[in-house]
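Structural overview
Each chain is listed here by its residues.
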Amino acid sequence: MQHPFQCIASVQLPGQATGEEYLAAACGPRLMLVNAGKGIVAARWSTSPTNATSEDKYDEAEAGERPAKKQKTSNAASHAPNIIKLTVSPNQQYIVAVTDDKFIHVLEIVGHGELKELSQRCMPKRPCAIQVLPDNATIICGDKFGDVYSLPLLPSEVAPIQDVEPGAEDGEAAKQEDPAFKPSATVLTVHSKRNRMALEAQMQQKNFTAKKEPLKFEHKLLLGHVSMLTDVIYATREVEGKQRGHIITADRDEHIRISRAPPQSHIIEGYCLGHTEFVSKLCLIPGTDLLVSGGGDSWLGVWDWPTFKLRRKFDIRDAVLDVVEEVAQRADMDTTEAIKQADKSVVVSGLWTAPFTNAKGKQEIALLVACERRPSLFIVPVSRLMLKKDQKTTQSRIDYPVLDVACVGDRLIVSVDGRRDGSPCLRVAQLHQAEETKGEVLSEKDEEMEAKLQCLMTSSKDIPADDKALDDLLYGVGNLRKRRGWDAPGDGAGGTEVDPTSMPMDPNHTEVVEVEDDLTVRKL
Amino acid sequence: MAGPPNKRQKREEKHEGQMPQKKFYRQRAHANPFSDHDLTYPEHPSAMRWSEHYPHFVATIPAAVPKDDPIATRDYNEYYVARMEKRVEVADIGCGFGGLLFALAPRMPATLILGLEIRTSVAEFVQDKAKALRLQQQQQPPASAGAETPPVPGGYENVSCIRANTMKFLPNFFAKAQLTKIFLCFPDPHFKARKHKARIVSATLNSEYAFVLAPGGMVYTITDVEDLHVWMVEHLAAHPSFARVAEGEAEGDECVAVMRRETEEGKKVERNGGRKFVAVFRRLEDPAWP
């Protein structure tokens, strides 16, 4: 079975000739840099299983009071961790890869596309979005716990040990503190019998290490949500002749927040509110003030982000259901049932923009949309996003679910999940617009480049792949959906009866739903 | 399971206008702010129907607008009923059984005060109490008719409560710079270092308080746990949007006195002979863009 490429990114080496485009592709734990024009794998790099042990060490230190909850990573310590995010610095010199053991790896591209690992840093929580700022010196990283950190792209030689957090004193204060443990609670603050007993036990306890070990590298906490972050992007906008930087963050609780960029990241400028389900992806439309957001709603939000206004709900429900119907027909399944199932679970898993030449020969931008597990890429010219009546998208039918998209030169490289039958996992297409199809954007296959990218497939054949592990790695977005009504309080207030068959009951769902003790849980 | 259904029934047995009894609304004092409770919240502050909470402050339909106004006909009543004369300006985050709310209400009768509480039953208690108090005030004979107690200014029409997880959904309820005062009274101390992100004051959450507070607005904190007090002072004072109000000035603030005396938890601490730590912070103007 072929392991698909979970993340891809285009790389433009300095002095690179046309037809010598490079593509970085992550396949499980391996990262490959390929010269797409020539079809040669220029460099290979792989994560090493040793990382896992240092992670455990960190967790132990963090836990302090009691063992941390078991990490549910599918990787046992013996496996090399998978790459889950990939980004390239704006100057195209560095590749930043995030692995599912919470490490951020910085790789330098040296010479003719060789990769050299410069650093690896373990974050406190699993990163979910990462970007290198235009200064080519700072990484911003949003994590599962809702926090956004900035770290220098290249860690300084002498790593200062400090937990820089707005508000918290640096390492000094921690060191000066009395090593003997003193509980924060006193007999005056706890009253119940059980709590008093617990306090007594705490008082008798000796050599207690509740200190959380600070991160051993320079970092700064910029901002945070009390929710899982799903996407973080850096956006600039010119106001009064000056560039203003912003950080736009999206979370599982339907929020899109716009903050100022550092050093004023503590200031929230506003929220783009209107989604009723989780937001999973954000995408800025180049050359405009538009922001497109997608997630668990059956529409894309088109926002004028400087004013936080929702300009348009661009419906994608029909387009997605068309695909579902077709897939069901092909598989000889009950189409009405398939549509019913899919109707409630539109999950946008990817948003990208790509340039194309329109029917009049001008350069335009198209928005590309991928929905989780749906074998199609939806294409919308950006100029149509704001046309009130037009809800039409062009579907680029691809036989397999779309995982990631990268623009290499004027070509579109689409990574698909074709694990089963050994068909190419990387498809190459070129967007164009034809007059006769009423201006719809079409994609045309580029067989030549596709053949050249086959070299990546041959050099990743040895990567083990099993279905369950792949599903966990590739299809996590749908799990962000809240299971409403499930933990409704037993006293009936607002508790909604939910048909259990309609619930996305994923056994791999790792989100722990904690329930208040004194509320009776309505069992399904 | 015993408990809730019974309690619920008992709650409903009282006749209209009778004060709710706390014992039927008790709920465990801790809630996990990270879990997806079955919460109801507006998708945007403008979608919040405040009219249900403050019926006395609903904007009246201007006489100048004809009933068949093409703009208004679509949902004429809907539109105007949802319109409010005033916006909520004071928020008590984690209001508990609402001691502070009902003490503040008569002191600022023209200001809308909202309690936010994550525990369903407790929020319900405050709502029921507000209803009962309003009814009592309405039914009370006017002072001239020889009433025993003078009527309360505002008649408790300016106080209400909603069930909400403010750590997640504060910006769903309040727009930028809408509030003038935020109270954080006796919050859950979350003693364990591992749980510090669950504290109501944190470096990152403070930015949200700054967002909903107007410049010059105040954050009031009170706790009986010294560690938590130190934590809250450290984090709020270190946040560039806040400056601590000098103790002398804070003590002169009537709200501080009310907060010390009237919160339910404050009374309990008093009974147990505990200490109370107060800190007040002012929202500063945002600096210019760099």
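Thresholds, definitions, all that
- Residues numbered from 1 in each chain as written.
- Chains lettered and ligands numbered in written order.
- Predicted model: local features only at pLDDT ≥ 70, side-chain atom pairs only at ≥ 80, totals over all residues.
- Heavy atoms only, no water.
- Helix = DSSP H or I, 4+ residues; strand = E, 2+ residues; numbered from the N terminus.
- Buried < 20%, exposed > 50% of the residue type's maximum accessible area, 1.4 Å probe, protein only.
- Contact = heavy atoms within 4.5 Å.
- Areas by Shrake-Rupley, 256 points an atom, 1.4 Å probe, with all protein chains shown as cover.
- Pairing = 2+ DSSP bridges.
- Axes fitted to C-alpha atoms, helices over the stretch in contact; angles between N-to-C directions.
- Parallel < 35°, antiparallel > 145°, perpendicular 65-115°, else oblique.
- Left-handed = near helix turned anticlockwise from the far one by under 90°.
- Nonpolar A, V, L, I, M, F, W, Y, C, P; charged D, E, K, R; others polar.
- Salt bridge = Lys/Arg side-chain N within 4 Å of Asp/Glu carboxyl O.
- Phe/Tyr/Trp six-rings, centres within 6.5 Å; stacked < 30°, edge-to-face > 60°.
- Arc of directions from axis to C-beta.
- Polar contact = N/O pair within 3.5 Å; in protein donor to acceptor, adjacent residues only side chain to side chain.
- pLDDT = per-residue confidence, 0-100.

A closer look at the overall build of chain B
For chain B, the helix and strand inventory stands at 10 helices and seven strands. Counting over 290 residues, chain B shows a buried share of 55%. Considering only contacts in chain B between residues 6 or more positions apart, those separated by 24 or more positions represent 80%. Accessible area of chain B: about 13,100 Å², with a carbon and sulfur share of 52%.

Here we look at the overall build of chain A
Helix and strand counts for chain A come out as nine helices and 28 strands. In chain A, which comprises 524 residues, the proportion classed as buried is 52%. For chain A, the proportion of contacts with a sequence separation of at least 24, taken over those separated by at least 6, is 53%. Looking at chain A as shown, the accessible area adds up to about 24,100 Å², and 50% of this sits on carbon and sulfur atoms.

A closer look at the pairing of strand E26 (residues 411-416) of chain A
Residue and element names in this part refer to chain A. The element E26 is largely enclosed, with a buried count of five among its six residues. Of the strand pairs in this sheet, strand E25 (residues 402-408) and E26 are connected by six bridges, and their pairing is antiparallel. Residue Val402 lies in a different strand from E26, and its bridge partner there is Val416. Hairpin geometry of E25 and E26 is characterised by an intervening segment of two residues between the two adjacent antiparallel strands and by a positive phi of about 60 degrees at Gly409. For E26 and strand E27 (residues 426-433), the ladder comprises four bridges, and the chain directions are antiparallel. If you follow Leu412 over to E27, its bridge partner there is Ala429.

Details of the packing of helix H5 (residues 166-173) of chain B against helix H6 (residues 203-212) of chain B
All names here are of chain B. Close contact between H5 and H6 brings their axes to 10 Å; oriented N to C, the two are set at 20 degrees. Between H5 and H6, the angle is such that the two are roughly parallel. In the packing of H5 onto H6, the handedness of the crossing is left-handed. Where H5 abuts H6, its residues Thr166, Met167, Leu170 and Pro171 lie against Leu205, Glu208, Tyr209 and Val212. Among the residues forming the contact of H5 with H6, the class breakdown is six nonpolar, one polar and one charged.

Points about the environment of Thr40(B)
All names here are of chain B. By secondary structure assignment, the location of Thr40 is in the loop between helix H1 (4-13) and helix H2 (76-82). Separated by 129 residues in the primary sequence, Thr40 and Phe169 place their C-alpha atoms 9.9 Å from one another. With near-sequence residues (within four places) excluded, Thr40 lies in contact with Arg163 and Phe173.

Topic: the sheet that holds strand E9 (residues 127-132) of chain A
Residue and element names in this part refer to chain A. Pairing within the open sheet is antiparallel, and its four strands lie in the order E9-E10-E11-E12. Edge strands, defined here as strands with exactly one partner in the open sheet, are E9 and strand E12 (220-224). Within this sheet the neighbouring strands show an average axis-to-axis angle of 25 degrees, counted without direction.

Considerations on the pattern of salt bridges
Counted according to the given criterion, the structure contains 32 salt bridges over all chains. One salt bridge in this structure joins Arg244(B) and Glu247(B), with 3.7 Å as the shortest N-O distance. One connected set of salt bridges, linked through shared partners, spans Asp253(A), Glu254(A), Lys482(A) and Lys168(B).

Things to note about the packing of aromatic side chains
Residue and element names in this part refer to chain B. In the structure shown here, the tally under the stated rule is 10 aromatic pairs over all chains. Ring centres of Tyr25 and Phe125 lie 5.2 Å apart, and the angle between their planes is 70 degrees; this geometry places the pair in the edge-to-face category. Note that Tyr25 is positioned in the loop between H1 and H2 and Phe125 in helix H4 (residues 120-139), a separation of 100 residues in sequence. As far as burial versus exposure is concerned, Tyr25 and Phe125 are alike and both buried. Centre to centre, the rings of Trp50 and Phe174 are 6.3 Å apart; their planes meet at 15 degrees, and the pair counts as stacked. With a gap of 124 residues between them, Trp50 in the loop between H1 and H2 and Phe174 in the loop between H5 and strand E4 (179-185) connect regions that are remote in the sequence. On the accessibility criterion, Phe174 (0% relative accessible area) is buried.

Quick look at helix H9 (residues 254-262) of chain B
Residue and element names in this part refer to chain B. Taken together, the buried positions of H9 are Cys255, Val256, Val258 and Met259. The buried residues of H9 occupy an angular sector of 165 degrees when projected down its axis, which confines them to one face. On the buried face of H9, the contacting elements are helix H3 (99-104), E4, strand E5 (213-223), helix H8 (247-252) and strand E7 (277-283). Capping of H9 at its N-terminal end is provided by Asp253; its side-chain oxygen lies 2.8 Å from the backbone amide nitrogen of Cys255.

Points about the confidence of the model for chain A
Residues and elements named next belong to chain A. The predicted model of chain A has a mean per-residue pLDDT of 79, with 77% of residues at 70 or higher. Every residue in residues 51-69 is under pLDDT 50, and counting partners more than four places away or in other chains gives 33 contacts. Taken as a whole, residues 486-524 scores under 50 in pLDDT and shows 72 contacts with residues more than four places along the chain or in a different chain.

Quick word on the packing of helix H4 (residues 317-330) of chain A against helix H5 (residues 335-343) of chain A
Residue and element names in this part refer to chain A. Taken N-terminus to C-terminus, the directions of H4 and H5 make an angle of 140 degrees; their axes are 9 Å apart at the nearest point. Where H4 crosses over H5, the two elements pack in a sense that is right-handed. Facing Arg317, Leu321, Val324, Glu325, Ala328 and Gln329 of H4, the residues of H5 in contact are Thr335, Ala338, Ile339, Ala342 and Asp343. Here the contact of H4 with H5 is composed, by residue class, of six nonpolar, two polar and three charged.

Quick look at the side chain of His105(A)
Residues and elements named next belong to chain A. Tracing the sequence through the fold places His105 in strand E7 (residues 103-110). According to the relative accessible area criterion, His105 is buried, its value standing at 1%. At 3.3 Å, the side chain of His105 forms a polar contact with the side chain of Thr99.

Section: unusual backbone geometry
Here Pro262(A) and Pro263(A) are connected by a cis peptide whose omega angle stands at 10 degrees. Turning to its location among the elements, Pro263(A) is positioned in the loop between strand E15 (256-260) and strand E16 (268-271). Located in the positive-phi region is Lys102(A), a residue other than glycine, with phi close to 80 degrees. Topologically, Lys102(A) is positioned in the loop between strand E6 (94-99) and E7. On the basis of relative accessibility, which here comes to 6%, the residue Lys102(A) falls in the buried class. The backbone of His190(B) shows a phi angle near 40 degrees, a positive value even though the residue is not glycine. Relative to the helices and strands, His190(B) resides in the loop between E4 and H6.

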